[in-house]
Amino acid sequence: MNILDKLPDQSKKNLKKLWDIFPDARLVGGVVRDLLVQKPISDIDIAAMDPPDRIIEKLSRAGIKGIPTGIEHGTVTAIINHHSYEITTLRKDIKTDGRHAKVVWTQDWREDAARRDFTINALYCDKNGKLWDYFHGQEDLSLGHVRFVGTAHERIAEDFLRILRYFRFYARYGKTQPDLDAVNAIQFYATQLDTLSAERVWSELRKIITGPRAGDVLNLMDRYGVLTVLMPFGYRLDPFLKLIAAGVPDNAIIRLSALIKGSATLVAKKFKLSNKDAKFLSRLEKPLSLKADASDKRLVQLKALYSLDVLIGQSWLEQIKHQDDDFILWDKWRKRVIDIPTPVFPVKGKDLIELGVEKGPIMGKILESVKIWWIDGGCYASALDCIEWLKRHSLKNTD
């Protein structure tokens, strides 16, 4: 069977257009690997012999938009029917420093394969479905052996991020014990992870902690000294492993919150988290003392105080503090908190203005006081009830 037959029909049509323009081009890396093991295809990367400026020129002549998304490394993104395809010129490294690589174009497919990280990523497929495997990647894929092209020391020295990539790929494709050559190189270069940008590190770590076999892989990263480098603020494997075992969703921030020992602010700074992720992590830091058997009234109060994502995240962190027989209760708790409508505080600033309260700090304090009363009562009081309460209490006290 032709391996290309496994591609979605739209991808086949789009690739035919590209192969009409670049007949010698080949699919490379992940798409070939995942076609072989029948995993879902996400990105389709293509290797071509033309230099990037020539790729853009040929695409333009064919009426296809070409975007120089990584032109310094030879990558052009072709847009066909709203689908993107990265086309990268064959290249070889002439200088590396563990973070960046200086490349030159080549016409040699084996040279291009030799600079790739793992044998299972150095697989090519031409337009006829013929496989090109220069370093026994297909055999490694079949055996579940994640192995660096050449020597692990050489590949990791070129880019220290390959340490984390090794664990990510091992989680997805590894079936044997970790490659000894890889383990030795990882332990030798682990401290160099500190020289990489926080964004690159977090991008890989995020995929690891939300990916398959996350618990097993983090145990390996702990054993080989990688977690110590990544998390100088401290980490706790036990809560993380319990969270995975409990079936937590693949939310990176919830999982990270269970793993870290340091402050959320420190962790967010270390990994340069987005503002959204940093805020979420901070709100998971302090336990809310949730109870799995909470009343509906309490759940309504919680939804008035906190966003749903915070409540769900906090429930998972609370759940792993208890025994297995609590898990069903917590699943029910999450369903209840999702189903209960979010209460809307009925009093607005304009209501206080009509009562003669001026804008400013005093208005904020008055609104806060009536909101506390409203929440304490279960969020049932109407706007009229709140105004009446204000007249008897807060407004009277500000006279």
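Residues numbered from 1 in each chain as written. Predicted model: local features only at pLDDT ≥ 70, side-chain atom pairs only at ≥ 80, totals over all residues. Heavy atoms only, no water.

> So what exactly am I meant to see when it comes to the pairing of strand S3 (residues 65-70) here?
Each regular strand displays side chains that alternate between the two surfaces of the sheet. As judged from the four bridges shared by S3 and strand S4 (residues 75-80), these two strands associate in the antiparallel manner. Among the inter-strand pairings, glycine 70 is bridged to a residue of S4, identified as threonine 75. Taking the residues that link successive antiparallel strands as the turn, the S3-S4 hairpin has four residues, and the phi of glycine 74 there is positive, at about 85°. (Pairing = 2+ DSSP bridges. Helix = DSSP H or I, 4+ residues; strand = E, 2+ residues; numbered from the N terminus.)

> Would you mind showing me how to read the nonpolar core here?
Soluble globular proteins tend to bury their nonpolar side chains together. Membership of the largest hydrophobic core comes to 98 residues, with the highest contact counts inside it found for Phe167, Met221, Val226, Leu230, Leu256 and Phe271. Not counting chain neighbours up to four residues away, the residues in contact with valine 226 comprise Ile163, Leu164, Phe167, Ile186, Ala190, Leu193 and Met221. Core analysis: the second largest hydrophobic core is formed by 26 residues, Ala25, Ala48, Val76 and Cys125 among them. (Core = buried A, V, L, I, M, F, W, Y, C linked by side-chain atoms within 4.5 Å. Buried < 20%, exposed > 50% of the residue type's maximum accessible area, 1.4 Å probe, protein only. Contact = heavy atoms within 4.5 Å.)

> Whenever I open this one, the packing of helix H12 (residues 237-246) against helix H13 (residues 252-259) confuses me. Can you help?
Two packed helices can be described by the angle between their axes and the distance between those axes. The geometry of H12 relative to H13 is characterised by a closest axis approach of 7 Å and an angle of 140° between their N-to-C directions. Counted together, Leu237, Pro239, Phe240, Leu243 and Ile244 of H12 and Ile254, Arg255, Ala258 and Leu259 of H13 form the full contact between these two elements. Residues that form the contact of H12 with H13 fall into these classes: eight nonpolar, no polar and one charged. (Axes fitted to C-alpha atoms, helices over the stretch in contact; angles between N-to-C directions. Nonpolar A, V, L, I, M, F, W, Y, C, P; charged D, E, K, R; others polar.)

> Explain the sheet that holds S3 here, please?
The strands making up a sheet are joined through hydrogen bonds of the backbone, oriented either antiparallel or parallel. The seven strands are arranged S3-S4-S5-S2-S1-S8-S9 in an open sheet whose pairing can be described as mixed. Looking at which strands have only one partner, the edges of the open sheet turn out to be S3 and strand S9 (131-133). Averaged over all adjacent pairs, the angle separating strand axes in this sheet is 35°, with direction ignored. Direction of pairing for strand S1 (residues 26-28) relative to strand S2 (residues 45-48): antiparallel, over a ladder of two bridges. Paired with arginine 26 across the two strands is alanine 47, which belongs to S2. Most of the contacts of helix H1 (residues 9-21) go to strand S5 (residues 83-89), to which it runs at about 40°, and overall it touches S1, S2, S4, S5 and strand S8 (123-125). Across the sheet, helix H3 (residues 52-61) touches S2, S3, S4 and S5, and the angle it forms with S4 is around 15°.

> Please explain the packing of aromatic side chains as it appears in this structure.
Aromatic ring pairs are reported here in terms of the distance separating the ring centres and the angle at which the planes meet. Overall, the coordinates contain 17 aromatic pairs when judged by the stated rule. Here the aromatic rings of tryptophan 109 and tyrosine 124 are separated by 5.5 Å at their centres, their planes lie at 85°, and the arrangement is edge-to-face. Placement of the pair is tryptophan 109 in helix H4 (residues 109-114) and tyrosine 124 in strand S8, with a sequence separation of 15 residues. The exposure classification of tryptophan 109 matches that of tyrosine 124, with both residues buried. Judged by centre distance (5.7 Å) and plane angle (35°), the rings of phenylalanine 160 and tyrosine 189 are tilted. Of this pair, phenylalanine 160 sits in the loop between helix H6 (152-158) and helix H7 (162-173) while tyrosine 189 is found in helix H8 (residues 180-189), placing the two residues 29 residues apart along the sequence. Clustering of aromatic rings is evident, with ring pairs tying together Phe118, Phe148, Tyr166, Phe167, Phe169, Tyr170, Tyr173 and Tyr224. Just above the ring of tryptophan 109 sits the side chain of arginine 26; from NZ or CZ to the centre is 3.9 Å. (Phe/Tyr/Trp six-rings, centres within 6.5 Å; stacked < 30°, edge-to-face > 60°. Lys NZ or Arg CZ within 6 Å of the ring centre and 35° of its normal.)

> It is not clear to me how the packing of helix H16 (residues 296-305) against helix H18 (residues 327-339) should be interpreted in this structure. Could you clarify?
For the pair H16 and H18, the least separation of the axes is 10 Å and the interaxial angle reads 60°. As summarised for this structure, H16 and H18 are arranged oblique, according to the angle between their axes. The handedness of the crossing between H16 and H18 is right-handed. Residues Asp296, Leu299, Leu302 and Lys303 of H16 form the contact with H18, whose participating residues are Trp333, Arg336, Val337 and Ile338. (Parallel < 35°, antiparallel > 145°, perpendicular 65-115°, else oblique. Left-handed = near helix turned anticlockwise from the far one by under 90°.)

> Help me out: how do you make sense of the pairing of S4 in this one?
Of all six residues making up S4, five are buried, and the element is well covered by its neighbours. Bridge analysis of S4 against S5 gives six bridges, and the strand direction is antiparallel. The partner of threonine 75 across the bridge, within S5, is threonine 88. The hairpin turn running from S4 into S5, its antiparallel successor, is two residues long, and asparagine 81 in that turn takes a positive phi close to 50°.

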